[in-house]
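Observations on the model geometry
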Amino acid sequence: MNKIIKEYVDKLPNKILLDVESALPEKCVDSKIKKIMEEMYKEYLYSLADPGESVGLVGAESIGEPGTQMTLNTFHFAGVSELNVTTGLPRIIEILDARKKIKTNMMELYLKKECSGSKNVKKIAEKIKEKTLESYTKEVIINVADMKMIIALYPKELSEADLTVGIVSKILGKSFKKFKFKVENKLLTVISSSKDDALKEMYKLKEKIKDTHISGIKGISQVLPVKRGNEYVIVTAGSNLKEIMKKDFFDSERIISNDLFEIEKTFGIEATRQLVINEVVKVLDAQGINIDIRHIMMVSDAMTMSGKVCGINRYGIVKDKPSVLARASFETPMNHLFDAALIGEEDYLNSVIENVMINQAVPVGTGLPGLVIKVK
Amino acid sequence: MTDVYLNNKFAGNIKNPEDFVERIINERRMGKLPITINCRHNKKSDEVRIESSGGRAVRPLIVVKNGKPLLSEKHIEQLKKNDLLWSDLVKQGMIEYLDASEEENALVAFSEDELEEESTHLEVNPLDILGLATSFVPFGHYNHGVRLSQGSKNQKQAIGFYMANFYIRIDMDVNLLHYPQYPIVKTLTHETLKYEKHPSGQNLIVAVMSYEGYNMEDAIVINKGSVDRGLARSTYYRPANVEERRYSGGLIDDVSIPDKDVNGFRSEEDYKFLEEDGIIYPEAKVGEGDVIIGKTSPPRFLNALEEFDLTSSSRRESSVALKHGERGIVDFVTLTENVEGNKLIQVRLRDQKIPEIGDKFTSRHGQKGVISIVVPEEDIPFSASGIKPDLIFSPHGIPSRMTMAHMIELLAGKTGCLAGRKVDGTIFSSEKEKNLRKELLDLGFSEDGCETMYNGITGEKYKARIFIGNMYYLKLKHMVSNKVHSRARGPIQLLTRQPTEGRANEGGLRLGEMEKDTFVAHGTSLVLKERFDSDKTIVPICEVCGLIAINDSRKETSFCPVCGENSEISNVEMSYAFKLMLDEMKSITIYPKLKLKGKY
Ligand SMILES: [Zn+2]
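For the structure given in this document, a descriptive report is provided here. What you see is a predicted model, and the numbers here were worked out from it, not measured in a lab.

Okay, the layout of surface pockets next. By volume, the second largest pocket is sized at about 1,600 Å³. Considering the residues around the second largest pocket, the lining is formed by 44 residues, among which Asp347(A), Tyr348(A), Leu349(A), Ile358(A) and Lys595(B) are closest to the centre. Of all the secondary structure elements, the ones that give two or more residues to the lining of the second largest pocket are helix H15 (324-330) and helix H16 (333-342) of chain A together with helix H11 (525-531), strand E34 (569-575) and helix H12 (576-587) of chain B. For the lining of the second largest pocket, a count of residues per class yields 25 nonpolar, nine polar and 10 charged.

In structure tokens form, the structure reads like this:
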């Protein structure tokens, strides 16, 4: 490293020093480098948050205000009407609340080089798509006289998925133990084993049986091969990282899901932190809203700093606040007060809300410094 | 096999759903089935659903067979002569009522020239697709859909002649427009609903121009001369009801002028309008704090001693008085009995509202705005023929909202006004703009509605020609005089010692959660503290047990009720709301111990 740049090792972050070094022209006079570094240092100090600046509130306002302009529309993939994604405000709320069940799970699956041909992609996509009985069913007839339900299946679709009527009847038999499944003339025949209410049961089954999982990976309801650059990506609706990672034709280093908890389970908390940032930025970009990424990074840090994903709500980061009064002022005050009283909790009145409550100067901005005078 | 459901209950199977539905509909048209039955075959789920229950919205349509409506010119002639009635048309199956479900399978032609071979129905009138208030918008087919619904929303808030017997009615919060007018640019709905009997606006001369920057942000400028001549003047009526209620133990409210020894006696001045019976006289001019009906009530809680001693001293004052900012003239006084047989006094107050800065007006196209200035007549711009507008509307309201009908109405209004006739602006079948322009030209005016105008202040000719015409404007019920409010100091709540809420109680304007956040975000902690000082108190705290101590102001000492006289007691400044919270915590058996230490 350059001698002059080295002087700034303690003053500037390493990344900035390296960036400056690589950007410098090969022959540069020392005095010029000195000047650059001085400018750099000044700029760096400018961009630091001042002591006592309420970064959290400024962040909340910076995200909240443009949030009011967001439209509530869901974005559709051109051509495929079923594959729609939650965007806009609902998606932001979903992410920041760290919802366990999100409205539209999605995965982006990159393929390994050797399987990324366009023909392969379609085949793989079809293979991982979850298929229920309904997609193989041609017709369902209930024979009231014989108390039988006859299900006709498409033979072509079955053979494409390496299935036979026999296999299907075995799968169904496992999930519906009350009924007997048989194969008669290549037709699936269902007989109820219970005597009373057999017809009613049969009608109920007719609805239920449609959704039985037959083939593919559970949870993946839609697949859509998309060309990105010069390779194909399979975008899926529904997410199941655990099963996908078992398949060897995917490039496991680039697989991504939009489910915070799945990412946390499979890739860890650091990945989740980045996912929160990426997903929020993705929504904001789609809406044409420009928010300084540092606000979002801070939110993401707050959500993940405890090592697990915490939503910004009373079950998440508010629960971890050290102050009883701060927690009580957010939601369900009684519970917080009783819990605190049981263990004799102490509140040191260190943060903003408590001081607003007792009407003392909040320890932020002008309320932070104190003046100490030594009396002789 | 198709399942059939009758009122959402499974009824059976049929083989041929199309024939089945057709048969039901045919029998309905022939009068064998009630006209309120609707039936539909849902092809997607392969079900037939028949509905006969109440509560479904249905609408009439003309039945079409083989691309020809069953209702012919012949029938219309008969209808005109009253030989045929609407109910006959329904009975004969020419008109039928469809619900939302049956409409799903119908192909309804919008107008006669849109009829196709497959059409099953025809709209009675294209106007039918709109609601009532929306069809009041003239030239509505030139507007953006959103503006139509906004325009109709605004019309519902307009002040008009709401009822002919208003004089003997006691309604809550009503407004009555003086000199209401029938619109020059009217629609079919205005005619059919006899709008001339209950109009709710006035035809104003409107100039589309800016005036000294006073019409920024949709504000409108109004002519003081017009206002003085009674333009958009209205009366606001508000009743006050008092009932002589009976209580347990034979006690009863008493309507009378309260005695001086009654609990909570106001001042003699406040009762000055009351007559001997304790009720105000009509045409009395009352203001803030004046009592309208004098009343005393028995005490709320009786203790054993007082129970037999019902002298007036234990009774309390419960008169009805005007609240902060209210004023008016007593219009009408009635004395009756209510359902329970109690004496009931109703007093109606009236207040004349003259248009002033802040009153809200709108045209029929969702172009609402508030008055920003009332300009003296001599300063109003005038045209070459000496016409002065009643109202000046900002042209900046037009491009982004695209309310073309607003401008066409202005032109049509001008034409109708000059020609001495009403112009038909019914949506989809209005008079043509081209014809209106031609008529205007024939009347000796510029066909585009623009005129040369002169600055009212300097007398100079404006460089631009001004679009001026006549249009129907509505005064909306939101008037500033019912809303203005400010406070520097005033009453506080007993419980929290914070300022009271609401205009009627002379309340403060709340600095809420989000407003607080802005102070914190700016780092102005001490400003924030000062803002929240409205309930500041100094509380003596015992340093031993951390509870609130007692201050004996006569002896000038403080002592702790728990630890006694000798404990150390410090005065702490805090918000009264926090002190209250500590008390409430004690009441739910939580011990909120305050640990005191020096701040620095
Ligand atoms: Zn004590």
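This next bit is on the sheet that holds strand E18 (residues 295-297) of chain B. Residues and elements named next belong to chain B. Spatially, three strands are ordered E15-E18-E19 in an open sheet, and the strand pairing comes out antiparallel. Looking at strand neighbours, the two that pair on one side only are strand E15 (254-255) and strand E19 (316-317), the edges of this open sheet. Where E15 and E18 come together, two bridges link them in antiparallel fashion. Each bridged residue has a counterpart across the sheet, and for Asp 254 the counterpart in E18 is Thr 296.

So, on to the coordination of the zinc ion. Residue and element names in this part refer to chain B. Distances from the zinc ion to its protein donors, Cys 542 (SG), Cys 545 (SG), Cys 560 (SG) and Cys 563 (SG), fall at 2.2 to 2.3 Å. Taken together, the four donor atoms surrounding the zinc ion define angles of 106 to 114° at the centre, an arrangement classified as tetrahedral. Sequence spacing of the donors to the zinc ion: C-x2-C-x14-C-x2-C. Highlighted residues: Cys 542 in strand E31 (residues 536-542) and Cys 563 in the loop between strand E33 (557-559) and E34, separated in sequence by 21 residues.

On to the pattern of salt bridges. When the charged atoms of two side chains lie near each other, side chains of opposite charge can form a pair. Residue and element names in this part refer to chain A. The full count for this structure, using the stated rule, is 56 salt bridges over all chains. As a salt-bridge pair, Lys 15 and Asp 19 come within 3.3 Å of each other at their nearest N and O atoms. Placement of the pair is Lys 15 and Asp 19 together in helix H2 (residues 14-23), with a separation of four residues, close to one helical turn. Since its relative accessible area comes to 57%, Lys 15 is described here as exposed. Residue classification places Asp 19 among the partly exposed residues on the basis of a relative accessible area of 39%. Residues Lys 131 and Glu 126 are paired through a salt bridge, measuring 3.4 Å at the closest nitrogen-oxygen approach. Residue classification places Glu 126 among the partly exposed positions, given a relative accessible area of 44%. Through salt bridges with shared partners, a single ionic network connects Arg 91, Glu 94, Glu 279 and Lys 282.

Before going further, it helps to spend a moment on the side chain of Asp390(B). Residue and element names in this part refer to chain B. Looking at the secondary structure, you find Asp 390 in the loop between strand E25 (382-383) and strand E26 (391-393). No salt bridge is formed by the buried Asp 390, whose closest oppositely charged neighbour, Arg 229, lies at an N-O distance of 5.2 Å. Beyond its immediate stretch of four places on either side in the chain, Asp 390 contacts Leu 204, Ile 205, Val 221, Ile 222, Asn 223, Ser 226 and Leu 231.

Now for helix H10 (residues 513-522) of chain B. Those residues of H10(B) not exposed but buried are Lys516(B), Asp517(B), Val520(B) and Ala521(B). Down the axis of H10(B), the sector holding all buried residues measures 140°, keeping them to one side. Against the buried residues of H10(B) lie helix H4 (55-67) and helix H17 (352-357) of chain A together with H11 of chain B. Immediately beyond the C-terminal end of H10(B), within one or two residues, lies Gly523(B), with a positive phi of roughly 75°.

Time to look at the sheet that holds strand E4 (residues 47-51) of chain B. Residues and elements named next belong to chain B. Across the sheet, which stays open at both edges, the four strands sit in the order E2-E1-E4-E3 with mixed pairing between neighbours. At either margin of the open sheet sits one strand with a lone partner, and together these are strand E2 (9-14) and strand E3 (38-42). Put simply, the sheet's adjacent strands are angled 20° from each other on average, direction ignored. Pairing of E3 with E4 involves five bridges; the strand directions are antiparallel. Opposite Cys 39, over in E4, you have Ile 50 as the bridge partner.

Generally speaking, a soluble globular protein has its nonpolar side chains buried in company with each other. Residue and element names in this part refer to chain A. In this structure, Ile 234, Ile 244, Phe 250 and Leu 260 are the most contacted members of the largest nonpolar core, which totals 38 residues. Those elements that provide at least two residues to this core are helix H5 (88-96), strand E3 (106-110), helix H6 (118-128), helix H11 (241-246), helix H12 (260-267), helix H13 (269-286) and helix H14 (293-304). With six residues, H13 is the single largest residue contributor to this core. Other than its neighbours up to four places away in sequence, Phe 250 contacts Leu 109, Tyr 110, Leu 111, Lys 112, Ile 124, Ile 128, Ile 234, Ile 244 and Ile 255.

All names here are of chain B. Sheet analysis places strand E5 (residues 58-65) next to strand E7 (residues 95-99), joined by five bridges and oriented antiparallel. Of the residues in E7, the one forming a bridge with Ile 62 is Ile 95. As judged from the two bridges shared by E5 and strand E9 (residues 121-122), these two strands associate in the antiparallel manner. Counted as the bridge partner of Val 63 is His 121 from E9. The pairing of E5 with strand E6 (residues 68-69) spans two bridges and is antiparallel. Across the sheet, the residue bridging to Lys 65 is Lys 68, located in E6. Hairpin connection, E5 to E6: the antiparallel pair is bridged by two residues, and Asn 66 has positive phi, about 50°.

Rules behind the numbers
The written sequence of each chain sets the order in which its residues are numbered from 1. Naming scheme: in the order in which they are written, chains are lettered from A and ligands are numbered from 1. For this predicted model, a pLDDT threshold of at least 70 governs which residues receive local features, and a threshold of 80 or more governs which side-chain atom pairs are given and counted, while totals over whole chains, interfaces and linings are taken from all residues. Note: side-chain values were computed over all heavy atoms of the structure, leaving out hydrogens and water. A pocket here means an open set of points on a 1 Å grid, computed over the protein atoms alone, that has protein on both sides within 12 Å along at least five of seven lines. A cavity is instead a set of points where a 1.4 Å probe fits but cannot get out; residues with an atom within 4 Å of a point line either one. Grid points are joined across faces, edges and corners, and a volume is the space filled by probe spheres set on the points. Here a strand is any run of E in DSSP of at least two residues, a helix any run of H or I of at least four, and the numbering for each starts at the N terminus. All amino acids are sorted into three groups, where Ala, Val, Leu, Ile, Met, Phe, Trp, Tyr, Cys and Pro are nonpolar, Asp, Glu, Lys and Arg are charged, and the leftover types, Gly among them, are polar. Two strands pair under a simple rule: DSSP has to find at least two bridges between them. Note that water is not among the atoms used; donors are N, O and S atoms within 2.8 Å of the metal (3.2 Å for Na, K and Ca), so sites may look incomplete. Here a site with four donors is tetrahedral if all angles are between 85 and 135 degrees, and a site with four or six donors is square planar or octahedral if opposite donors are over 155 degrees apart and the other angles are between 65 and 115; anything else gets the irregular label. One speaks of a salt bridge when a side-chain nitrogen belonging to Lys or Arg is within 4 Å of a carboxyl oxygen belonging to Asp or Glu. For every residue, the accessible area (1.4 Å probe, protein chains only) is compared with the maximum for its type, and the residue is labelled buried under 20%, exposed over 50%, or partly exposed between those bounds. Positive charge is attributed to Lys and Arg, negative charge to Asp and Glu, and no charge count is given to His or to the chain ends. When checking whether two residues touch, look at their non-hydrogen atoms; a contact exists if any pair is within 4.5 Å. The directions from the helix axis to the C-beta atoms are what the arc is built from. Axis angles are defined between N-to-C directions and span 0 to 180 degrees, where every axis is a line fitted to C-alpha atoms and, for a helix, only to the segment in contact. Among buried residues, the Ala, Val, Leu, Ile, Met, Phe, Trp, Tyr and Cys ones that are joined through side-chain atoms within 4.5 Å form a nonpolar core.

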